[in-house]
Amino acid sequence: MGSFLEYLQKQYDDLLQLAWEHALVTIISVGIGAVIALTVGILVWNKPVSRAGAVAITGAILTIPSFALLGLLIPAFGLGWTPTVIALVLYSLLPITRNTVVGMREVDPAILEAGTGLGMSPWTVTMRVQLPLAWPVILTGIRVSAQLIIGIAAIAAYVLGPGLGEVIFSGLSRLGSANALNQAIAGTVGVIILALIFDAAFVLVRRLTTSRGLRA
Amino acid sequence: MPDTSPAGSAHGASIELIDLTKQYEGAAEPAVDKVSMSIPPGELVVFVGPSGCGKTTTMKMINRIIEPTSGQILIDGQDAMSLDPVELRRGIGYVIQQIGLFPHMTIGENVAVVPRLLGWDKKRTAARVDELLDIVSLDPSSFRDRYPRQLSGGQQQRVGVARALAADPPVMLMDEPFGATDPITRERLQNEFLRLQNEIRKTIIFVTHDFEEALKMGDRIAVLREQSHIAQFATPDQILADPADEYVSSFVGEGAALKRLGLVSVGTAPLQSWGEDASGLPSIPSDVTLREALGVLVGAGSDRVVVRGPDGPIGVLTMATVTSMLEGAGDGDC
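Keep in mind that what you see is a predicted model, and the values were worked out from it rather than measured. (Residues numbered from 1 in each chain as written. Chains lettered and ligands numbered in written order. Predicted model: local features only at pLDDT ≥ 70, side-chain atom pairs only at ≥ 80, totals over all residues. Heavy atoms only, no water.)

Asks: Sorry, what's going on with the packing of aromatic side chains here?
Replies: Aromatic ring pairs are reported here in terms of the distance separating the ring centres and the angle at which the planes meet. In total, this model carries 6 aromatic pairs over all chains according to the counting rule given. With 6.3 Å between their ring centres and 20 degrees between their planes, Phe67(A) and Phe169(A) make a pair best called stacked. With Phe67(A) in helix 3 (residues 66–77) and Phe169(A) in helix 7 (residues 165–173), this residue pair connects regions lying 102 residues apart in the sequence. The exposure class of Phe169(A) is partly exposed, given its relative accessible area of 29%. Ring geometry for Phe211(B) versus Phe251(B): centroids 5.6 Å apart, planes at 45 degrees, classification tilted. Placement of Phe211(B) in helix 9 (residues 211–217) and of Phe251(B) in helix 11 (residues 246–252) is noted, with a sequence separation of 40 residues between them. For the pair Phe211(B) and Phe251(B), one class covers both residues: buried. Every member of this aromatic cluster is reached through a ring pair, and the members are Phe67(A), Tyr158(A) and Phe169(A). (Phe/Tyr/Trp six-rings, centres within 6.5 Å; stacked < 30°, edge-to-face > 60°. Helix = DSSP H or I, 4+ residues; strand = E, 2+ residues; numbered from the N terminus. Buried < 20%, exposed > 50% of the residue type's maximum accessible area, 1.4 Å probe, protein only.)

So this is what it looks like as structure tokens:
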């Protein structure tokens, strides 16, 4: 324990820098993924075949082992941020797509009919009635996706990607030598703390963006 | 659509349905088969019939929530099919069975939807919202900023009606609007709405499966069979006195005479003058129906009853008068 704290003291700046990169790559990837997944979800939620296809494809992507996907991206995109972000965006899609579709479908059709009957255009019904009502479910999907990506981002160290993965990998590959265990533990704990911070942030976002009329 | 004044004095538009039909793909028979009817401005027409007869489908074709397969809909002479459906609907009030208030908006925002869609400025909209909440007996300052989930079913239904009335449309479509409440609340809502309609006189199509409600609410009733074929389209009294066929009779049931008496207020009946010899008789207020008067007569075992006005007795109603009110319309298989 003593050596761990010593290690932390010495490497504090570096660890913080890596943690910041880890958070940033997560935010960017989930952000891009959310835009794509939301758009797809809004387009296919009421078309059974397309909907099933979108969920199936994004789900299939998730089954590709991250090592393999990252490795396959190297020839085309090299190392570092680019293959990392591409892979993370692909992995982020399923939870958000599925929750968007589910959230949109769960909105009471009578409410949508009321909107249409009052003279709202289809676009207005979708954007001003359906999406706000589906939002809590969609936001949960984004939150789950973020949790997933924080974990997978650690593996990006395999392609020299950003974040705490580098520290974990370094430690694990040199186990037995000085500070190796400290590195591995520090990196892992760092990822866990990041995950908790993100989760807390999502709780705040949910409170701020959900209408008071919807809170149970 | 006619321009409306903020005070809400615009009257209804006429509605003409010509061979209106809805055929769903793959179905053997049309859901609605060539419905034709003519509704003058300001009339409240009730569509009544069993589930599945197409009454709601017919109503929903008027604002093109369901697109007609063929036929014409003329609103104030204008072909509804030639208008942009979104524009059309902003000129038609729409109240559905499930109410459908927007849970994420306040009551005020819900009621303000159509005015905002029409581009009314905030001041005018806010004033109109308060006016409407008042009309449906909800105190604006208490309810304006609440959310639907905080309201009871009856209150939500009132908001639904207010929301439909917001832009003062000349036409209203109402699908079992008071259905989702208990009988006591429903009766109160019906009475309040009748009082309101008396002032605003919009053209209203009101769908219900409840024949009693139809009798109470309608200026005219369209009794519909399957595929919305019209069995009879007439005033409540005409239907009760002279049902067109057995199908209509089955709605009327056995109590036609009593129901007809329920349509007439004591105040409109000829009364004998009140004298000293009437002091021992039972009495009733003048705003009850002949049916209730009959109940008092039979219950008290009397053939006369005193009718009270706001300042005292105004006359005496006799049993003979009550029964004679039934003559004059149809043979009465009462």
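Asks: Whenever I open this one, the sheet that holds strand 13 (residues 312–318) of chain B confuses me. Can you help?
Replies: In a beta sheet, neighbouring strands are held together by backbone hydrogen bonds and run either parallel or antiparallel to one another. Residues and elements named next belong to chain B. Pairing is mixed in the open sheet, where 3 strands are placed in the order 11-12-13. The open sheet has two edge strands, strand 11 (283–285) and strand 13, and neither has a second partner. Between one strand and the next, the sheet's axes are offset by a mean angle of 35 degrees, whatever the strand orientation. For strand 11 and strand 12 (residues 304–309), the ladder comprises 3 bridges, and the chain directions are parallel. In the strand pairing of strand 12, Ile 284 is matched with Val 307. Across the sheet, helix 13 (residues 290–300) is in contact with strand 11, strand 12 and strand 13; its angle to strand 12 comes to roughly 130 degrees. (Pairing = 2+ DSSP bridges. Axes fitted to C-alpha atoms, helices over the stretch in contact; angles between N-to-C directions. Contact = heavy atoms within 4.5 Å.)

Asks: Teacher, can you tell me more about unusual backbone geometry here?
Replies: Apart from glycine, the bulk of residues carry a negative phi angle, and the bulk of peptide bonds sit in the trans form. Positive phi values are uncommon outside glycine, yet Asn179(A) reaches one of about 65 degrees. Secondary-structure assignment places Asn179(A) in the loop between helix 7 and helix 8 (180–209). Relative accessible area serves as the criterion here: at 37%, Asn179(A) is assigned to the partly exposed category. Of note, the phi angle at Asp19(B) is positive, near 50 degrees, even though the residue is not glycine. Of note, Asp19(B) is situated in strand 1 (residues 15–22). A relative accessible area of 35% means that Asp19(B) is categorised as partly exposed.

Asks: Sorry, what's going on with the side chain of Thr100(A) here?
Replies: Topologically, Thr100(A) is positioned in helix 4 (residues 81–106). When sequence neighbours within four positions are dropped, the list of residues in contact with Thr100(A) reads Ala37(A), Leu38(A), Gly41(A), Ile42(A) and Ile138(A).

Asks: Please clarify how the pairing of strand 13 of chain B should be interpreted in this entry.
Replies: Residue and element names in this part refer to chain B. Where strand 12 lies against strand 13, 6 bridges are found, and the strand directions are antiparallel. Opposite Val 307, over in strand 13, you have Gly 315 as the bridge partner. Count of turn residues in the strand 12/strand 13 antiparallel hairpin: 2 residues.

Asks: Just checking my understanding: could you explain the environment of Ile205(B) for this structure?
Replies: Residues and elements named next belong to chain B. Here Ile 205 shows up in strand 8 (residues 203–208). Along the chain, Ile 205 and Val 171 lie 34 residues apart, while their C-alpha atoms are 8.0 Å from each other. Other than its neighbours up to four places away in sequence, Ile 205 contacts Ile 15, Ile 39, Val 45, Phe 47, Met 59, Ile 62, Met 172, Leu 173 and Met 174.

Asks: Help me understand a nonpolar patch on the surface in this model?
Replies: Residues and elements named next belong to chain A. A cluster of nonpolar side chains, Leu 172, Leu 175, Leu 181, Ile 185, Val 189, Ile 193 and Ile 197, forms an exposed patch at the surface whose accessible area comes to about 630 Å². Tallying contributions element by element places helix 8 first for the nonpolar patch, with 5 residues. Among the structural elements, Leu 181 can be located in helix 8. Overall, the relative accessible area of 52% leaves Leu 181 in the exposed class. (Patch = residues over 30% accessible without salt bridge, like charges linked within 9 Å, V, L, I, M, F, W, Y side chains within 5 Å. Areas by Shrake-Rupley, 256 points an atom, 1.4 Å probe, with all protein chains shown as cover. Salt bridge = Lys/Arg side-chain N within 4 Å of Asp/Glu carboxyl O.)

Asks: Can you walk me through the packing of helix 4 of chain A against helix 6 (residues 122–153) of chain A in this structure?
Replies: Angle between the axes and distance between the axes are the two parameters that describe a pair of packed helices. All names here are of chain A. Running from N to C, helix 4 and helix 6 point in directions that differ by 150 degrees, and their axes come no closer than 7 Å. Judged by the angle between their axes, helix 4 and helix 6 are roughly antiparallel. Helix 6 is crossed by helix 4, and the crossing has right-handed handedness. In the contact of helix 4 with helix 6, the residues fall into 16 nonpolar, 9 polar and 1 charged. (Parallel < 35°, antiparallel > 145°, perpendicular 65-115°, else oblique. Left-handed = near helix turned anticlockwise from the far one by under 90°. Nonpolar A, V, L, I, M, F, W, Y, C, P; charged D, E, K, R; others polar.)

Asks: It is not clear to me how the packing of helix 7 of chain A against helix 8 of chain A should be interpreted in this structure. Could you clarify?
Replies: Residues and elements named next belong to chain A. At their nearest, the axes of helix 7 and helix 8 sit 7 Å apart, and the two run at 150 degrees to each other. Between helix 7 and helix 8, the crossing angle belongs to the class labelled roughly antiparallel. Here helix 7 runs over helix 8; the crossing is left-handed. In contact with Val 167, Ile 168, Ser 170, Gly 171 and Leu 172 of helix 7, helix 8 contributes Ala 180, Gln 183, Ala 184, Gly 187, Thr 188 and Val 191.

Asks: How should I be thinking about helix 2 (residues 48–63) of chain A in this particular structure?
Replies: Residues separated by three or four positions in an α-helix point in the same direction, a consequence of the helix having 3.6 residues per turn. All names here are of chain A. With 16 residues, helix 2 should cover 22 Å at 1.5 Å per step; its first-to-last C-alpha distance of 23 Å lies within 8% of that length. All buried positions along helix 2 are accounted for by Arg 51, Ala 54, Thr 58, Gly 59 and Ile 61. The arc enclosing the buried residues of helix 2, seen along the axis, measures out at 155 degrees, which places them on a common side. Among the exposed residues of helix 2, those oriented more than 90 degrees off its buried face are Pro 48, Val 49, Ile 57 and Thr 63. Considering only its buried residues, helix 2 is in contact with helix 1 (2–44) and helix 4. (Expected span 1.5 Å × (residues − 1). Arc of directions from axis to C-beta.)

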